[in-house]
Amino acid sequence: MDGNNRWSKKNSQSKINSYSKGAQKLLTISKKIFENYNIDYISAFALSNNNLNRTKSIIDILKKILIHFLNDEQNILKLNFQIIFLGDLKFLGKDLITKIIKIQKLNQDKRQKLIIFLNYSGRKDINLHYTKYKKSNNSNFNIINKYLLTRNIPDPEILIRSGGYQRISDFMLYQIAFTELFFLKKLWPDISNNDVKKIISNFKLIKRKFGL
């Protein structure tokens, strides 16, 4: 979900309008994907661990948007999917974390899940949970996946990076070994349903060999 800040400058919009538009874009695109494809999981990298180094004003804007979203329970209930937050959420404070826990309980019966990563680092996830893996005295290295934050989520098949940069930026480093990567020059608020449709169509044409 890269490019919200640059979009605000490019379009002479306030940062809160830009990030609000980006948040709404995530819900719109997720809804469209879930309705039209046999896809059970969408993961969105909303805030990386490194993003916390941004100015306090930016972090405060993100918190305001999150509060507005979490308070909108009736509209969340209307969604046909569950929303789950992953990451080190301590920076949000107890009140926001309590609201997140409440929101995550909505739509628990739905098969499709939108996973929103906040204050997440792929490196830190591996380092932290590898320590737990070592303490388990388990000799099967493949079992490490059971100790990661993403242990209940299948590895992604498609990764879409907006904003023009062709890098992973510390997202799900362990899980994307065989993920197909797609990079778009468009900034996140400008991404359309048609952009995603084209990527999924191209993905279907790929013969995935998984090293064979």
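Our structure's up above, just so we're on the same page.
Here goes a summary of the coordinates provided. For clarity, every value in this text was computed on a predicted model and none was experimentally measured.

Criteria and cut-off values
Residues numbered from 1 in each chain as written. Predicted model: local features only at pLDDT ≥ 70, side-chain atom pairs only at ≥ 80, totals over all residues. Heavy atoms only, no water. Salt bridge = Lys/Arg side-chain N within 4 Å of Asp/Glu carboxyl O. Buried < 20%, exposed > 50% of the residue type's maximum accessible area, 1.4 Å probe, protein only. Axes fitted to C-alpha atoms, helices over the stretch in contact; angles between N-to-C directions. Helix = DSSP H or I, 4+ residues; strand = E, 2+ residues; numbered from the N terminus. Parallel < 35°, antiparallel > 145°, perpendicular 65-115°, else oblique. Left-handed = near helix turned anticlockwise from the far one by under 90°. Contact = heavy atoms within 4.5 Å. Nonpolar A, V, L, I, M, F, W, Y, C, P; charged D, E, K, R; others polar.

As for the pattern of salt bridges
Any two side chains of opposite charge can pair, on the condition that their charged atoms come close.
Thought 1: Scanning the model with the defined rule gives ten salt bridges in all.
Thought 2: Taking the shortest distance from any N to any O, the salt bridge between D2 and R6 comes out at 2.9 Å.
Thought 3: Judged by relative accessible area, which is 17%, D2 ranks as buried.
Thought 4: Several salt bridges share partner residues, and in doing so they unite D2, R6 and R161 into one network.

A look at the packing of helix α3 (residues 56-70) against helix α5 (residues 94-104)
Thought 1: Remark: α3 packs on α5, axes separated minimally by 10 Å, with the N-to-C direction vectors making an angle of 40 degrees. Put simply, α3 runs oblique to α5. Like other packed secondary-structure pairs, α3 and α5 cross with a definite hand, here left-handed. Along its contact with α3, which presents L66, I67 and L70, the element α5 presents L96, K99, I100 and I103.
Thought 2: Considering only residue class, the contact of α3 with α5 consists of six nonpolar, no polar and one charged.

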